[in-house]
Amino acid sequence: KRVLLPDEVSADGTATHAEKQAAFTAAIIMSSVLGELTASCVRVPVDLVKQRLQAGYKSNCILSLQGSVFLASFQATATRDICHSSLQYPIYEQLKL
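The model shown is predicted, which means the values in this text are computed figures rather than measured ones. (Residues numbered from 1 in each chain as written. Predicted model: local features only at pLDDT ≥ 70, side-chain atom pairs only at ≥ 80, totals over all residues. Heavy atoms only, no water.)

Visitor: An account of the overall build of the protein chain is requested, with residue identities and associated values reported.
Guide: Check the secondary structure of the protein chain and you find two helices and zero strands. Out of the 97 residues in the protein chain, the part that is buried amounts to 20%. For the protein chain, the accessible surface area stands at approximately 7100 Å², while carbon and sulfur atoms represent 65% of it. (Helix = DSSP H or I, 4+ residues; strand = E, 2+ residues; numbered from the N terminus. Buried < 20%, exposed > 50% of the residue type's maximum accessible area, 1.4 Å probe, protein only. Areas by Shrake-Rupley, 256 points an atom, 1.4 Å probe, with all protein chains shown as cover.)

Structure representation (structure tokens):
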């Protein structure tokens, strides 16, 4: 396995395997959360406009992005995706051969 983080040294000069694994897992979780938030910034407006145009609710793309509807949709989508990826990627890294 490749180590993405530099070796951390504890007070006695050695780092345990558990400490390195915990730091590696934390880095994976943080990167997956940041990736999902970035993807949601693109995915949510596109899906919101697409759904509203297909339903015939709005005829103009610009009018489809109302503030309160966008924020509610972004919050729900980001929460779902963050929960999913914060479990999926660390499990994948642990099971990867």
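Visitor: Talk me through the side chain of Glu36; I want residue IDs and the actual numbers.
Guide: Among the secondary structure elements, Glu36 is positioned in helix α1 (residues 17-55). With relative accessibility at 15%, the residue Glu36 sits in the buried group. Not counting residues up to four positions away in its chain, the partners in contact with Glu36 are Arg43, Asp81, Ile82 and Ser85. (Contact = heavy atoms within 4.5 Å.)

Visitor: So what about the pattern of salt bridges? Which residues, and what values?
Guide: A full pass over the atoms with the stated rule returns five salt bridges. The residue Glu36 makes a salt bridge to Arg43 at a minimum N-O spacing of 4.0 Å. For Arg43, a relative accessible area of 29% corresponds to the partly exposed category. Put simply, Arg80 and Asp81 hold a salt bridge, and the shortest N to O gap is 3.1 Å. Look at Asp81 and you get buried, because its relative accessible area is 11%. (Salt bridge = Lys/Arg side-chain N within 4 Å of Asp/Glu carboxyl O.)

Visitor: Give a detailed account of a nonpolar patch on the surface, specifying residues and quantitative values.
Guide: A cluster of nonpolar side chains, Leu87, Ile91 and Leu95, forms an exposed patch at the surface whose accessible area comes to about 340 Å². Using a relative accessible area of 63% as the deciding quantity, one classes Leu95 as exposed. (Patch = residues over 30% accessible without salt bridge, like charges linked within 9 Å, V, L, I, M, F, W, Y side chains within 5 Å.)

Visitor: Can you break down the environment of Ile28 residue by residue, with the values?
Guide: Considering the arrangement of structural elements, one finds Ile28 in helix α1. Relative accessible area serves as the criterion here: at 10%, Ile28 is assigned to the buried category. Along the sequence, Ile28 and Tyr89 sit 61 residues apart, while their C-alpha atoms lie 6.9 Å from each other. Those residues in contact with Ile28 that lie beyond four places of it in its chain are Tyr89, Pro90 and Glu93.

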